[in-house]
Amino acid sequence: MAKGLSYEDGIAAVYGGAILGGGGGGLLEEGLKLVEEIFAAGEPQIVDITELDQEDLVACVAMVGAPSAADQYISNEQLCWSYRSMNNYINRRLKGIITNENGAITTINGWLQSVLLNVPVVDAPCNGRAHPTGIMGSLNLHEQHEYQSVQFYAGGKGDFAVQGFVEGNLHSTAKTARQASILAGGLVGVTRNPVTIDYLQKHGAPNAITMAIELGYCFLNGQTFEEKLAHVLQYLNGVHIVSGAVTNYSLTKENGFDVGELSVGDYHLTFW
C-alpha cells in the first residue's frame, strides 16, 4: 500500500539526500524550495518495492544537465509531459516513478509528478548516491545488450524550449538527452528506461529514499553542528576526516557537465 509523505519528511529527505548525494544531486536551497512547491500542490505517495508485482513496470525520472547553468528552466507541464508520453508509449503499463539518485533535489525527484499525476514514487532509486551521467544511473542496463533505451525529455523556455523522444542503445540515448539539455539552456527533465520491479530489486537501491529521510531527521535533531555531525556519523558508521575553510575553488561547464576542484585543509578534491 502506498502511504502519504509529510512536509517534514520532505525537509528531512532534502537534508539526508544532500549528505548521501556526496555533493551531487542539486543545491540544498533549491531542494527546500521544491518541497514548498510539492506540498502546496498536495501529498506525494511512496510505496515499498515489495508491495508491487515482479513484472510491474516503473520508469526513472531525472534532471539531465549542468546544475549551475544560468538559463536552465523546466516547467511542471514539461515534467508531466515526459512521464505521460512514456506511459502512453508503453501502453500505459507504468505502475510508479523512481528517481535516479539521492541528492538535495534528486531524492525528491518524482514527488511533484506523484501529486500532479496521482502516481506513487517507488522507494528504490537507481543509485543511493549522486552520479553525473545517465550511464552511471542506468541500473547496469548498458550491460544488457538486448535492451533498447527509451527516453522522453523536455525543458527550456522561449527560444530554448525543446522536447523529444529518443530510442536506441543506452550510450546513444544518454548522449542525446545530454545534448538536448545544452540546447534547452542547461537542463531537461527526462523520463527514461522502463524496467520491471524484479530487475529494479536486483540492480537498484531499495529503501534509499527512506534512508535519506531517516538520515535527514538524525541531522535535523541535532542542536549544534557538532551534534548534527555526530548523529550523521553514528547513523552511517562514518569517520570524520577533515573540517575547514574551502580554498582553491574553481568551476567550469564542459559539454553539459559541471567540472571543478577545491581544497579543504591538506585535502585536494576534484568533482564532476
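Before any of the text, the structure's been laid out above.
Residues numbered from 1 in each chain as written. Predicted model: local features only at pLDDT ≥ 70, side-chain atom pairs only at ≥ 80, totals over all residues. Heavy atoms only, no water.

### As for empty space enclosed by the protein
Here is step 1: Summed over the entire model, instances satisfying the criterion amount to one cavity of 30 Å³ or more.
Here is step 2: Of the pockets and cavities examined, the largest cavity occupies roughly 40 Å³.
Here is step 3: In terms of lining residues, the largest cavity is bounded by Cys60, Cys126, Gly137, Ser138, Leu139, Leu141, Arg192 and Asn193.
Here is step 4: Class assignment for the residues of the lining of the largest cavity results in four nonpolar, three polar and one charged. (1 Å grid on protein atoms, 1.4 Å probe; cavity = no way out; pocket = protein on both sides within 12 Å on 5 of 7 lines; lining within 4 Å. Points joined across faces, edges and corners; volume = space filled by probe spheres on them. Nonpolar A, V, L, I, M, F, W, Y, C, P; charged D, E, K, R; others polar.)

### A look at the pairing of strand β8 (residues 187–196)
Note on strand geometry: in a regular strand, side chains alternate between the two faces of the sheet.
Here is step 1: Within β8, 10 of the 10 residues are buried, which leaves it mostly tucked inside the rest of the structure.
Here is step 2: Direction of pairing for strand β3 (residues 57–65) relative to β8: antiparallel, over a ladder of eight bridges. Within β8, the position partnered with Leu57 by the bridge is Thr196.
Here is step 3: Across four bridges, strand β6 (residues 149–155) lies against β8 in antiparallel orientation. Looking at the pairing, Phe152 lines up with Thr191 of β8. (Buried < 20%, exposed > 50% of the residue type's maximum accessible area, 1.4 Å probe, protein only. Helix = DSSP H or I, 4+ residues; strand = E, 2+ residues; numbered from the N terminus. Pairing = 2+ DSSP bridges.)

### Structural notes on the pattern of salt bridges
Any two side chains of opposite charge can pair, on the condition that their charged atoms come close.
Here is step 1: Here the structure, examined in full by the defined rule, presents two salt bridges.
Here is step 2: Here Glu30 and Lys33 are joined by a salt bridge, their closest N and O atoms 3.4 Å apart. In this pair, Glu30 and Lys33 are both assigned in helix α2 (residues 28–41), three residues apart and thus about one turn of the helix distant.
Here is step 3: Glu30 gets classed as partly exposed once you look at its relative accessible area, which sits at 35%.
Here is step 4: With a shortest N-O distance of 3.3 Å, Lys202 and Asp198 are connected by a salt bridge. Separated by four residues within a single helix, Lys202 and Asp198 lie in helix α6 (residues 197–203), roughly one turn from each other. (Salt bridge = Lys/Arg side-chain N within 4 Å of Asp/Glu carboxyl O.)

### A look at a nonpolar patch on the surface
Here is step 1: A contiguous nonpolar surface patch, about 490 Å² in accessible area, is contributed by Val239, Ile241, Val242, Tyr267 and Leu269.
Here is step 2: One can find Val239 in the loop between α8 (225–236) and β9 (246–254). (Patch = residues over 30% accessible without salt bridge, like charges linked within 9 Å, V, L, I, M, F, W, Y side chains within 5 Å. Areas by Shrake-Rupley, 256 points an atom, 1.4 Å probe, with all protein chains shown as cover.)

### Regarding the layout of surface pockets
Here is step 1: Of the volumes computed, that of the second largest pocket is approximately 160 Å³.
Here is step 2: Residues belonging to the lining of the second largest pocket are distributed by class as follows: four nonpolar, one polar and five charged.

Functional significance is not addressed by these values, which are geometric in nature.
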